[in-house]
Amino acid sequence: MHTLETRELRYFVAVAEELHFGRAAERLGMAQPPLSRAIQQLERRLGVCLLQRNRRGVRLTGAGEVLLHEGRAALDATAAAARRTRRAGGADSPGGPRDRLVLAVKAAASHELLRKLLDGYAAEPDSAEIEVLPCGICEQEELLRDGRADVALMHTPWNSLAGFDSEALAAEGQVAVLPAGHPLAAHETLSLADVRDVPGLPLARWPTRGAYAPGPGPEVHNQTQLAQLIALGRTVAVVPDSARSWLWAEHAAVPLTDAPPVVTHIAWPAHSRSLALAGLVRTAVRL
């Protein structure tokens, strides 16, 4: 059975992303000839052609596309294992620090639920230290996959739970957040159709798995930017009802009658064996 070394994967991913041996070698901090030899040896061992080389440059073959996708995932998993192992290591030594869990949460989301979770877990015997890691829009999944977080509060349908274990904790409706002086702000309720094509007030767009959907609305990178754009009359946003906690006086929130519910989940890597994490999940489910 052929195996792949982490070093080989790093070399190949660099070449596959740069599509240039010189730039890849510079990125890796090595000379180009040994990098070329390493890729050739990898192709011989696997028995496939990974890269097509010609005068115009380098391009990936079908097999190369597969290895790029799998190689990125493998390198991410290796880095995640190292990060989580270092965090857990301190608790193994006598007199060492308490076990520590990093909890990724979307900034300003699920504030009341998060407070109850932290207070409830802190009261448990032998509870671990919880480091709350606020993150940007839809970033929890990436933080959880690459090991920067051990557990996350995720929100469907916005976040993907693929590959994670999870428990649903709460469900809530959605509201349209508009400039306070806009005519639609005076309505008691609205529909999605009411806010989808408002002249001069396009829907804000935020990333899903790193990409923005096409549309005329502004690309939003964080909550503060979104709040300011709404207050300036440049956009409207559809957000969970709990987002009312960060609204400004210049904002108005109107319930949407036909928006799907937003469900908050606690999610963690499916292979986790952390007793501290299991205790946090039990606390969350009891809330």
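Every residue gets a number counted from 1 within its own chain, in the order that chain's sequence is written. For a predicted model such as this one, the threshold for reporting local features is a pLDDT of at least 70, and the threshold for listing and counting side-chain atom pairs is 80 or more; totals across whole chains, interfaces and linings nevertheless cover every residue. Note that water and hydrogens are dropped before the side-chain values are worked out from all heavy atoms of the structure.

Helix and strand labels come from DSSP, where a helix needs a run of H or I of at least four residues and a strand needs a run of E of at least two; each type is numbered from the N terminus. Helix and strand content of the chain: nine helices and 10 strands. Only protein chains enter the accessibility calculation, which uses a 1.4 Å probe; a residue whose area is less than 20% of its type maximum is buried, one above 50% is exposed, and one in between is partly exposed. Buried positions account for 41% of the 287 residues belonging to the chain. Contacts are residue-level and defined by heavy atoms, with any inter-residue pair within 4.5 Å sufficient. Put simply, of all contacts in the chain between residues at least 6 apart along the chain, 66% involve residues at least 24 apart. Split by element, the accessible area of the chain, about 15,600 Å² in all, is 53% carbon and sulfur. Here the Shrake-Rupley method, with its probe set to 1.4 Å, supplies the accessible areas, and only the displayed protein chains count as covering residues.

Looking now at the packing of aromatic side chains. Side-chain rings of Phe, Tyr and Trp, where Trp is taken by its six-membered ring, are said to pair if the distance between their centres is within 6.5 Å; with planes under 30 degrees apart they count as stacked, over 60 as edge-to-face, and otherwise as tilted. For the structure on display, the rule yields one aromatic pair. Measuring from centroid to centroid gives 6.3 Å for W158 and W206, while their planes differ by 85 degrees, and the two rings are edge-to-face. With W158 in the loop between β5 (151-156) and β6 (164-172) and W206 in the loop between α7 (192-196) and α8 (223-231), this residue pair connects regions lying 48 residues apart in the sequence. With relative accessibility at 18%, the residue W206 sits in the buried group.

The two faces of strand β2 (residues 57-60) differ: V58 and L60 on one face are buried, but G57 and R59 on the other face are not. Two strands pair if DSSP finds at least two bridges between them. In this sheet, β2 lies alongside strand β1 (residues 51-54) in antiparallel orientation, the contact comprising four bridges. In the sheet register, N54 faces β2, and the bridge partner there is G57.

The span you would expect from a helix comes to 1.5 Å times its residue count less one. The end-to-end C-alpha separation of helix α1 (residues 6-18) is 18 Å, in line with the 18 Å expected for 13 residues at 1.5 Å each. Taken together, the buried positions of α1 are occupied by E8, L9, Y11, F12, V13, A14, V15 and A16. Where α1 terminates, the next one or two residues include L19, which has phi positive at roughly 50 degrees.

Only one rule defines a salt bridge in this text: a Lys or Arg side-chain nitrogen within 4 Å of an Asp or Glu carboxyl oxygen. Taken as a whole and assessed by the stated rule, the structure comprises 16 salt bridges. Across the pair E131 and R100 runs a salt bridge, and its minimum N-O distance is 2.3 Å. In this pair, E131 is assigned in strand β4 (residues 129-135) and R100 in strand β3 (residues 100-106), connecting sequence segments 31 residues apart. As a salt-bridge pair, E141 and R145 come within 3.1 Å of each other at their nearest N and O atoms. Taken as a pair, E141 and R145 lie in helix α6 (residues 140-145) at a separation of four residues, close to a single helical turn. Salt bridges linked by common partners bring E17, E18, R23, R27 and R72 together as one network.

It is worth spelling out the sheet that holds β4 at this point. Sheet strands line up and pair through hydrogen bonds in the backbone, either parallel or antiparallel. The mixed open sheet is built from five strands, whose spatial order is β4-β3-β5-β10-β6. Either end of the sheet is taken by a strand with one partner, and the two such strands are β4 and β6. Direction aside, neighbouring strands of the sheet carry axes that sit 25 degrees apart on average. Pairing geometry for β6 and strand β10 (residues 262-269), over eight bridges, is antiparallel. Within the sheet, the bridge partner assigned to D165 lies in β10 and is W268. Working convention: axes come from line fits to C-alpha atoms, limited for helices to the stretch in contact. Angles between N-to-C directions cover 0 to 180 degrees.

Let's shift gears to the sheet that holds strand β8 (residues 237-240). Here three strands make up an open sheet; going across it, the order is β8-β7-β9 and the pairing antiparallel. Each edge of the open sheet is held by one strand with a lone partner, namely β8 and β9 (251-255). Strand-to-strand twist across the sheet, computed as the mean angle between neighbouring axes with direction ignored, equals 35 degrees. Relative to β8, strand β7 (residues 174-179) is paired through four bridges, and the arrangement is antiparallel. Paired with V175 across the strands is V239, a residue of β8.

Here we take up the layout of surface pockets. Computed from the structure, the largest pocket encloses a volume of approximately 700 Å³. Lining the largest pocket are 27 residues, and of these A80, R84, L144, P269 and H271 lie nearest its centre. When residues of the lining of the largest pocket are traced back to their parent elements, those giving at least two are α4 (62-89), β3 and α6. A class-by-class count of the residues in the lining of the largest pocket yields 11 nonpolar, five polar and 11 charged. Both cavities and pockets are sets of points on a 1 Å grid over the protein atoms alone; in a cavity a 1.4 Å probe fits but cannot get out, in a pocket the set is open with protein on both sides within 12 Å along at least five of seven lines, and lining residues sit with an atom within 4 Å of a point. Grid points are joined across faces, edges and corners, and a volume is the space filled by probe spheres set on the points. Residues were grouped as follows: Ala, Val, Leu, Ile, Met, Phe, Trp, Tyr, Cys and Pro as nonpolar; Asp, Glu, Lys and Arg as charged; and all remaining residues, including Gly, as polar.

The next thing to look at is the nonpolar core. Within this scheme, the nonpolar core is defined by two criteria: the residues are buried Ala, Val, Leu, Ile, Met, Phe, Trp, Tyr or Cys, and they are joined through side-chain atoms within 4.5 Å. Membership of the largest hydrophobic core comes to 21 residues, with the highest contact counts inside it found for F12, V15, F21, L35, I39 and L51. For this core, the secondary structure elements donating two or more residues are α1, α2 (21-28), α3 (32-46), β2 and α4. Those residues in contact with V15, other than ones at most four positions away along the chain, are H20, F21, A24, L35, I39 and L51. With 18 residues, the next largest nonpolar core counts V105, L113, L277 and V281 among its residues.

Our focus in this paragraph is the UniProt feature "domain: HTH lysR-type" (unreviewed entry) in the chain. UniProt positions are given in the numbering used here, feature names are shortened, and annotations may be inferred rather than shown by experiment. The UniProt record marks residues 4-61 with the feature "domain: HTH lysR-type" (unreviewed entry), using the residue numbering of this structure. Taken end to end, residues 4-61 is 62% helix and 14% strand, and its first and last C-alpha atoms sit 18 Å apart.

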